[in-house]
Amino acid sequence: MSSRLEFRGLSRAFGQAEVLHEVSLTVEPSRCVALLGASGSGKSTLLRIAAGLDDPSSGQVLVDGSDLDGVPSEERGLALVFQKPLLFPHLNVVDNVAFSARMTGQSRKAARRHAMAYLELVHLSDLARRSAGCLSGGQEQRVALARALARNPRILLLDEPFSSLDSRLRDDMYSLVEDIRAELAPTIVLVTHDRREASILADSIAVLDEGRILQHGPVAQLHYQPATLAVNRILGGLNALSGRVTGGIHQSVFGRVPVQPGMVDGPAFLVMRQEAIRIVVTGEGTAVGSVTGLKSLGAHTLVRTEVTGDHGPSGTLTIDVAGEPDVTMGQVVGLKPVNDSGWAVTR
Ligand SMILES: Nc1ncnc2c1ncn2[C@@H]1O[C@H](COP(=O)(O)OP(=O)(O)O)[C@@H](O)[C@H]1O
Ligand SMILES: [Mg+2]
């Protein structure tokens, strides 16, 4: 049932304001792409255009290579799940899920039988007869997912469907999405402003910033090989040390770090994830820093250090340490990258 979805040079303006700017993005069949961006970056507008609820100013949406221009929403074979589930409160759960099958003329019995299979998939068959107006937020969203899947969509579009759920329920929904992928393998576009959610659920992440795709790639690539400082920041990266690349070596207060091939000589920032630096005894580090901040995140601690080297001005590096670190404010520590080579960006 899965299809390839492609946005080609897609723009959308509302009056003078260009909300999407030449967005090009391909989602391969059965893959899950997370569209990650801040509120107002244009995520919902892109999904609405895919679903046929809005039209682009220019550019195309293609499914399996055919242009959807002029194809009515209900004939696109795409299902959209919103942050608010929008169930019919006067119908029971199974009839909400059976609704579109009923609309296409199936008998009540057949539509309900079909719907029950999807309620089972979302672990809600026990509540089939309950009124949709009497469900918890998590249950409502499960029904909304079942209702979307019951339409056998070629592509599932999820617009921040879990953002109003508490974190435990959200984790339950993540495993449900895994079940759905294992069972039905739909093509999924997941819109989210939550980088953790994007990283857990998606095969690849496309970062949308002010209507432009800054980078699209596998989850690890976005974390460890961001194209720009903005991507690094949006993916939660805390460290970018200014310096200079010469002959493939980045030089900064952190010392000399070989970076990716293809970097031309000139000013550049060394990007290092806070999880990819170790605190060691001073002699064993490639740099030395003094601890200027300790912030507990429960199971993790962020240790902020001020690094002073022989190579240029000082810089701040933050390290993510599991548990309670064995350091105190003001202590001088050694810092060592986990990987031998680094990643540099110019802007
Ligand atoms: N119908 C509309 N008319 C005018 N502006 C709109 C309309 N829909 C969305 N926008 C604007 O487009 C921008 C992107 O909105 P949206 O796609 O909803 O972002 P997101 O889902 O990423 O939060 C926002 O600045 C919003 O105000
Ligand atoms: Mg939105």
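Note that the structure is a prediction, hence the values are computed from the model and not measured.

Asker: How should helix α1 (residues 43–51) be read in this particular structure?
Answerer: Since the α-helix turns once every 3.6 residues, residues separated by three or four places project in the same direction. Within α1, seven of the nine residues are buried, which leaves the element mostly enclosed by the surrounding structure. Within α1, burial applies to Lys-43, Thr-45, Leu-46, Leu-47, Ile-49, Ala-50 and Ala-51. After α1 finishes, the residue Gly-52 shows a positive phi value of roughly 85°.

Asker: What should I look at first to understand the domain arrangement of the protein in this one?
Answerer: By a widespread convention, an interface's size corresponds to the accessible area lost as its parts come together. Annotation of the protein at the domain level lists domain 1 (5–224) and domain 2 (238–345). Taking only C-alpha atoms, the centre of domain 1 and the centre of domain 2 are 39 Å apart.

Asker: What should I look at first to understand helix α4 (residues 137–150) in this one?
Answerer: Under the 1.5 Å per step criterion, the end-to-end length of α4 is 20 Å for 14 residues, consistent within 8% with the ideal 20 Å. Judged by how many residues are buried, α4 sits mostly within the fold: 11 of 14 residues are covered. Within α4 the residues assigned to the buried category are Gly-138, Gln-141, Arg-142, Val-143, Ala-144, Leu-145, Ala-146, Arg-147, Ala-148, Leu-149 and Ala-150. Within two residues after α4, Asn-152 carries a phi angle of roughly 50°, on the positive side.

Asker: Teacher, can you tell me more about the pattern of salt bridges here?
Answerer: Between side chains of opposite charge, a pair can form as their charged atoms come close. The tally for this structure, following the rule as stated, stands at 11 salt bridges. Put simply, Asp-194 and Arg-170 hold a salt bridge, and the shortest N to O gap is 3.3 Å. You can see Asp-194 sitting in the loop between β8 (187–192) and α6 (195–201) and its partner Arg-170 sitting in helix α5 (residues 167–184), a full 24 residues away along the chain. Here Arg-196 and Asp-171 are joined by a salt bridge, their closest N and O atoms 3.2 Å apart. Remark: Asp-171 occurs in helix α5 and Arg-196 occurs in helix α6; sequence separation between them is 25 residues. Here Arg-196 falls in the partly exposed class, since its relative accessible area comes to 43%. Several salt bridges converge on common partners, so that one network encompasses Arg-31, Arg-181 and Asp-203.

Asker: Is there a simple way to explain the packing of aromatic side chains in this structure?
Answerer: We describe a pair of aromatic rings using the distance from one ring centre to the other and the angle between the two ring planes. Inspection of the entire model under this criterion finds two aromatic pairs. Relative to Phe-99, the ring of Phe-88 has its centre 4.6 Å away and its plane inclined at 45°; by these criteria the two rings are tilted. Note that Phe-88 is positioned in the loop between β6 (78–81) and α2 (93–103) and Phe-99 in helix α2, a separation of 11 residues in sequence. Looking at Phe-99, the relative accessible area reads 30%, which means it is partly exposed. Look at Phe-162 and Tyr-174: their rings are 6.0 Å apart centre to centre, the planes differ by 70°, and that puts the pair in the edge-to-face class. Linking Phe-162 in the loop between β7 (155–159) and α5 with Tyr-174 in helix α5, this pair joins segments that are 12 residues apart in sequence. Just as Phe-162 is buried, Tyr-174 falls in that class too.

So, how was this worked out
Residues numbered from 1 in each chain as written. Chains lettered and ligands numbered in written order. Predicted model: local features only at pLDDT ≥ 70, side-chain atom pairs only at ≥ 80, totals over all residues. Heavy atoms only, no water. Buried < 20%, exposed > 50% of the residue type's maximum accessible area, 1.4 Å probe, protein only. Helix = DSSP H or I, 4+ residues; strand = E, 2+ residues; numbered from the N terminus. Domains from an automatic or database assignment. Expected span 1.5 Å × (residues − 1). Salt bridge = Lys/Arg side-chain N within 4 Å of Asp/Glu carboxyl O. Phe/Tyr/Trp six-rings, centres within 6.5 Å; stacked < 30°, edge-to-face > 60°.

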